[in-house]
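# Reading the structure
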Protein chains: 2
Amino acid sequence: MEAPRWLDEREERAWRGYRRMRRLLDLELARELAQDAGLSEPDYDVLSDLSETPDQRLRLSELADRMLWSRSRLSHHLTRMQQRGLVTREECASDGRGSVVALTPAGRQAIEAAAPGHVAAVRRHLIDLLTPEEVEALGALTHRVVDHLTAPIGPAGDPPRRVAPTSAGPEV
Amino acid sequence: MEAPRWLDEREERAWRGYRRMRRLLDLELARELAQDAGLSEPDYDVLSDLSETPDQRLRLSELADRMLWSRSRLSHHLTRMQQRGLVTREECASDGRGSVVALTPAGRQAIEAAAPGHVAAVRRHLIDLLTPEEVEALGALTHRVVDHLTAPIGPAGDPPRRVAPTSAGPEV
DNA sequence: ACCCAGTTGTTGACATGTCACTGAAACCGC
DNA sequence: GCGGTTTCAGTGACATGTCAACAACTGGGT
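Residues numbered from 1 in each chain as written. Chains lettered and ligands numbered in written order. Predicted model: local features only at pLDDT ≥ 70, side-chain atom pairs only at ≥ 80, totals over all residues. Heavy atoms only, no water.

In the vicinity of DNA strand D there are 20 residues, among which A:Ser61, A:Arg71, A:Arg89, B:Ser72 and B:Arg73 approach most closely. Looking at DNA strand D alone, sugar and phosphate atoms form 68% of those within 4 Å of the protein. Interatomic distance of 3.1 Å between a side-chain N/O atom of A:Ser75 and a phosphate oxygen of DNA strand D. Every element with two or more residues in the surface near DNA strand D is listed here: helix 3 (60–67) and helix 4 (71–83) of chain A together with helix 4 (71–83) of chain B. With five residues, helix 4 of chain B is the largest single contributor of residues to the surface near DNA strand D. (Near = heavy atom within 4 Å. Polar contact = N/O pair within 3.5 Å; in protein donor to acceptor, adjacent residues only side chain to side chain. Helix = DSSP H or I, 4+ residues; strand = E, 2+ residues; numbered from the N terminus.)

What follows is the structure, given as structure tokens:
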């Protein structure tokens, strides 16, 4: 590790582009979401994950693992969302420690109202700007990186590291 | 805009992969950076941008624009970095309002110590996992999205929007 | 010369996220 | 059943980011 291999021009361009896109896309999507639906991106993600679940409810740590959030962060955020009436906490029947997060009718209404506009924004600012080949490539490439980062042990000489904030399985 | 065009399977895969990668890559890079160099990613970005500049110094708003940060955020962050001795503020000769941010020797030393490891981490967790074609595609695709988001007026029926936190030019 | 709209950077209040810690409950070998 | 360990969720202190308001200053029109 003595002679650092710097990024060549092409790699530099990809890396800078990625970070710039990341920032701008985030700003814009968050802006539209807040304006059109009164939700933040974290709000949206919580509601979205909950609404995709059969019973509209999930164990707190299950939800945290799916979102790659720490339990603490989720707990704080749920407290705020609960105060706005978007979700509720219920006791968990099978585990006395646990709590179950459930979508309220208002929460369901909020996500259903927000989703079409949000998807449209994702299309407008990202997906529809790409060729089908690029969409395919982006899917392949991101999943490879995700697999690498969630592999139980570094695949090739990496220091073995777990990266998820809590004890998430190698969920993809 | 009545019938929402949802994402098809391939698009969904790309979008989810992107967000997951984003999160995991961030966590891992931030973790290594903090551990190996005692810097946060924002710290690194500030130092990096400053060190790339001819005179190791930049007007505050110039720096904010390059980083796509609000002046407020940068000002707060500089206060913290200043207390750690990484940067200093100087008065601007040509503009009585302005201030110039400059790298201190300690700041220069910090970025020089951090850079090789950080670049190695970017390689290990992203760049070296991609084929040359994918690197090329990622560069092309991200720059297209960035251009779209920074275009002065929405290129195709978009509501005209500026997305940068302050008055950034369409800098790439 | 002077006014004044706009820009620059800072600040304080607040929203959000992280970290270390805690009590309660589950798990597990005995 | 019992004691030690682990996991679950919540909490408070703190770090970071956002937003609106502000004072100092610039620069252009008159």
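Having seen the structure, we can now continue with the description.
Neighbouring DNA strand C are 20 residues; A:Ser72, B:Ser61, B:Arg71, B:Arg89 and B:Arg97 lie closest to it. For DNA strand C, the fraction of atoms within 4 Å of the protein that belong to sugar or phosphate moieties is 63%. In the environment of DNA strand C, a phosphate oxygen lies 3.3 Å from a nitrogen or oxygen atom belonging to the side chain of A:Arg80. Here A:Gly96 contributes a backbone N or O atom positioned 3.0 Å from a phosphate oxygen of DNA strand C. For the surface near DNA strand C, the secondary-structure elements that each account for two or more residues are helix 4 of chain A together with helix 3 (60–67) and helix 4 of chain B. Here the element with the most residues in the surface near DNA strand C is helix 4 of chain A; it accounts for five residues. Of the residues that constitute the surface near DNA strand C, the class distribution is two nonpolar, 10 polar and eight charged. (Nonpolar A, V, L, I, M, F, W, Y, C, P; charged D, E, K, R; others polar.)

For the rest of this paragraph, the subject is the relation of the copies chain B and chain A. Here chain B sits on chain A after a turn of 180 degrees about the axis and a move of 0.0 Å along it, with an RMSD of 0.0 Å. Read as a symmetry element, the transformation amounts to a two-fold axis. A share of 99% of the interface residues of chain B reappears at the interface of chain A, consistent with the copies meeting face to face through the same patch. (Least-squares fit on C-alpha atoms with pLDDT ≥ 70 in both. Contact = heavy atoms within 4.5 Å.)

On to the packing of aromatic side chains. Residue and element names in this part refer to chain A. Taken as a whole, this structure holds two aromatic pairs over all chains when the rule is applied. Judged by centre distance (5.7 Å) and plane angle (25 degrees), the rings of Trp 15 and Tyr 18 are stacked. With a gap of three residues between them, Trp 15 and Tyr 18 both fall in helix 1 (residues 9–37), about one helical turn apart. Accessibility assignment for this pair places Trp 15 and Tyr 18 in one class, buried. Over the aromatic face of Trp 69 sits the side chain of Arg 73, whose NZ or CZ is 3.9 Å from the ring centroid. (Phe/Tyr/Trp six-rings, centres within 6.5 Å; stacked < 30°, edge-to-face > 60°. Buried < 20%, exposed > 50% of the residue type's maximum accessible area, 1.4 Å probe, protein only. Lys NZ or Arg CZ within 6 Å of the ring centre and 35° of its normal.)

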